[in-house]
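The residues making up each chain are set out below.
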Amino acid sequence: MDSYAVGCARPDRWSRSKPEDSVSSSWHAVEAHRPPAELDGEVELASCGAIVQVWGAHRWDRVRARETACAECKRITAGQLSRAS
Ligand SMILES: [Zn+2]
């Protein structure tokens, strides 16, 4: 596996009254069996087990550097992407 798409935690699970968890881990890695652009908008299972919607325009190797990226997904993908960083 050499490619990850970016998934966003589904907005319908966010709550304005309880923003803490969703805001701190909004972005997840999704193992891409097809080019991420083809997965755009699809609901997939992230590497950490979260249900997310794929944003095909984003690249995980860039998003994972953000604080808002899922810590578990970062850990899971760290080995696979270490050569790219
Ligand atoms: Zn995750």
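First, a word on what this report is: a plain description of the structure on this page. (Residues numbered from 1 in each chain as written. Predicted model: local features only at pLDDT ≥ 70, side-chain atom pairs only at ≥ 80, totals over all residues. Heavy atoms only, no water.)

This paragraph deals with the pattern of salt bridges. With the rule as written, the count across this model stands at four salt bridges. Of the charged contacts, one joins Asp-61 and Arg-59 as a salt bridge, the two residues approaching to 2.7 Å between their closest N and O atoms. Classification of Asp-61 as partly exposed rests on a relative accessible area of 36%. Judged by relative accessible area, Arg-59 falls into the partly exposed class, the value being 48%. In this structure, Arg-75 engages Glu-72 in a salt bridge whose closest nitrogen and oxygen atoms are separated by 2.7 Å. Placement of the pair is Arg-75 and Glu-72 together in helix α3 (residues 71–81), with a separation of three residues, close to one helical turn. Taking the relative accessible area as the measure of exposure, Glu-72 reaches 35% and is therefore partly exposed. One network of salt bridges, in which partners are shared, links Arg-34, Glu-38 and Glu-42. (Salt bridge = Lys/Arg side-chain N within 4 Å of Asp/Glu carboxyl O. Buried < 20%, exposed > 50% of the residue type's maximum accessible area, 1.4 Å probe, protein only. Helix = DSSP H or I, 4+ residues; strand = E, 2+ residues; numbered from the N terminus.)

Right, let's get into the packing of aromatic side chains. Across all of its chains, the model carries one aromatic pair by this definition. The interplanar angle of 90° and the centroid separation of 5.1 Å between the aromatic rings of Trp-27 and Trp-55 together place this pair among those described as edge-to-face. Of this pair, Trp-27 sits in strand β2 (residues 27–31) while Trp-55 sits in the loop between β4 (51–54) and α2 (60–63), and the two are 28 residues apart along the sequence. Among the residues examined, Trp-55 registers a relative accessible area of 40% and is labelled partly exposed. (Phe/Tyr/Trp six-rings, centres within 6.5 Å; stacked < 30°, edge-to-face > 60°.)

In this section: the sheet that holds β4. Across the sheet, four strands lie side by side as β2-β1-β4-β3; this open sheet has antiparallel pairing. Only two strands of the sheet have a single partner each, and these edge strands are β2 and β3 (43–45). Within the sheet, the average angular offset between the axes of one strand and its neighbour, ignoring direction, is 50°. In this sheet, β4 lies alongside strand β1 (residues 4–9) in antiparallel orientation, the contact comprising three bridges. Note that in β4 the partner of Cys-8 across the bridge is Gln-53. (Pairing = 2+ DSSP bridges. Axes fitted to C-alpha atoms, helices over the stretch in contact; angles between N-to-C directions.)

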